[in-house]
Amino acid sequence: MRPRIAIAGFQHETNTFAPVATGFADFEDGGGWPGLTRGADVLTTFRGLNIPLSGFLSAAEPKAELVPILWTSAEPAAQVSRDAFDRITGMILDGITAAGPLDGIYLDLHGAMVTENHDDGEVEILRRVRALVGTGMPIAVSLDLHANISPEFVGLADAITIYRTYPHLDMDATGARAWSLLKQVIETGKRPATAFRQSDHLLPLSAQCTEFGPVAALYHAVAECSGGTLLSADVALGFPLADIPDAGPSLVVHAEDTASAEACADELLAKLDEAVATADNALLGPREAVSQALALTQNGGCVVLADVQDNSGAGAMSDTTGLLAALVESEADRCLLGTLWDPEAANLAHSAGVGATIDLSLGGNHGPDGVGPFRCSAAVVALSDGLFTCTGEMQRDVLTDIGRTALLRISNGGGDVRIVVSTRRHQTIDQELFRHLGLEPADHRIVAVKSTVHFRADFAPMAKAVLMVEAPGYSTCRLSNLTYRKLRANAR
């Protein structure tokens, strides 16, 4: 008989240093992903997308009866409210109860959720699910590469899979691997032997890209940990912007026997610690980055500047102005910047209309200390409703809604800086953000993106160079600038 599997997803990456909390409405909205989706709509809304639940669906549907409950995500920010957490977790529990007899449960979680009253949101989700279904129900979980994993979490799940790429290009594949492990647990009636390790060294997000250097070598080693008695091996590099005891890199190994799991875990921990110790975190100040970009493009080409510390995809506000000021002051021509979150400016531009020139105090509404608005006169070049379908691999075919959007132009001397301003926070991952306003990024000299690493999947192939910019923001990439109060004593 085909096993009956309940499926649900509840995701949030929580930056405890951010100034704005996350409520239920943020999950209804969904950020750059579809909003809160329930029941049978889950099967149609997420089919074919690059998310773990989609990969699980594709792999499991031919062999299992799937009972969809819900899937929801919110743009990263500060702690998830008690109300939002309890309501959404309650929906999952109610769905499991209503599903009737089940042979297993699959949960598409993030691994770095912090709530108003729980440092480890995912542990609390699993506690409540286990209290409902008991210890004998097989539960498989997929997690983000930035998950902060605790020993208790590993003890509550039967099988865990984790993304192996950053930018996250293998989210759907991670869900498919979760099905493979869950299927084996159901068929054998036996939980695999599991080994867990935590590294004591935190790694900034700007050093976590898996496409080059020692981090790439680490994930090549992870991919080789299969076959024989080994069933699965995964490394999470952690989310260092969460001040909780278990923040940081960790790894999970599943095998047919304990000795194999433990041996593999020891080997991978040594490679993980080496990668963390040697990973590159080269950051440039805004003026230095702009100067280098201009030198590199004297004879043509495009340079991408990553505003790594104002990434809404890591909980920042996407409205700081340090890099914008450097671009304008340089009098550089053919420059783009996106996405700046400023609902007041976007709405003012819509009221004024294309062709108007408006005086603005642009961005800088949430700090951090020393960061304020950029005062300027800007021409309204284009307007949109902020709806576009992504074409890059990470968010392929996702209909994205960044709200009312304006393309503004600031001229200073011979300079020309164009800024995409939106009414919703959004990490700049996909080139369609610019194209839907009539712009081709590759035609510009400098493209500045408010993103830390995810932009690389769609933007790096067209760039002569990528430079990481250290302008002030809440997605801090120099961890010595953070004050941790809850982090376990041996972590650093």
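Note: the structure precedes this text.
Residues numbered from 1 in each chain as written. Predicted model: local features only at pLDDT ≥ 70, side-chain atom pairs only at ≥ 80, totals over all residues. Heavy atoms only, no water.

(A) Seen up close, the overall build of the protein chain. From N to C terminus, the protein chain includes 14 helices and 19 strands. Principal axes of the C-alpha set define a box for the protein chain whose edges measure 70 × 45 × 40 Å. Counting all 492 residues of the protein chain, 63% fall into the buried class. Taking the contacts inside the protein chain whose residues are at least 6 apart along the sequence as the reference set, 75% of them involve residues at least 24 apart. Here the protein chain displays about 17000 Å² of accessible surface, and carbon together with sulfur accounts for 49% of that area. (Helix = DSSP H or I, 4+ residues; strand = E, 2+ residues; numbered from the N terminus. Buried < 20%, exposed > 50% of the residue type's maximum accessible area, 1.4 Å probe, protein only. Contact = heavy atoms within 4.5 Å. Areas by Shrake-Rupley, 256 points an atom, 1.4 Å probe, with all protein chains shown as cover.)

(B) Quick look at the pairing of strand β12 (residues 357-362). Side chains Ile358, Leu360 and Leu362 of β12 all project onto a buried face; the interleaved residues Thr357, Asp359 and Ser361 project onto a face where none is buried. The pairing of β12 with strand β13 (residues 374-384) spans six bridges and is antiparallel. In the sheet register, Ser361 faces β13, and the bridge partner there is Arg375. (Pairing = 2+ DSSP bridges.)

(C) Main features of the nonpolar core. Judged by nonpolar contacts, the single largest core of 70 residues is most densely connected at Ile5, Phe56, Leu237, Val253 and Leu268. Looking at this core, the element that brings in the most residues is helix α9 (residues 258-278), giving eight residues. Once residues lying within four places of it in the same chain are set aside, the contact partners of Phe56 are Ile5, Ile7, Glu61, Leu66, Tyr106, Asp172, Gly175, Ala176, Ala178, Trp179 and Leu182. Counting 42 residues, the second largest nonpolar core, distinct from the first, contains Met91, Ile105, Leu109 and Val129. (Core = buried A, V, L, I, M, F, W, Y, C linked by side-chain atoms within 4.5 Å.)

(D) Structural context of helix α11 (residues 322-329). Burial of α11 is extensive: six of the eight residues sit out of reach of the surface. Every buried residue of α11 is listed here: Leu323, Leu324, Ala325, Ala326, Leu327 and Val328. Looking at the residues trailing α11, positive phi occurs at Glu331, about 55°.

(E) Expanded view of the environment of Gln208. Among the secondary structure elements, Gln208 is positioned in the loop between β7 (193-198) and α8 (213-223). Between the C-alpha atom of Gln208 and that of Ala275, which follows or precedes it by 67 residues, the distance is 9.5 Å. Filtering out sequence-adjacent residues up to four positions away, Gln208 remains in contact with Leu145, His146, Tyr166, Leu203, Val215, Leu237, Gly238 and Pro240. Among the polar contacts listed, one links the side chain of Gln208 to the backbone oxygen of Leu237, at a separation of 3.5 Å. (Polar contact = N/O pair within 3.5 Å; in protein donor to acceptor, adjacent residues only side chain to side chain.)

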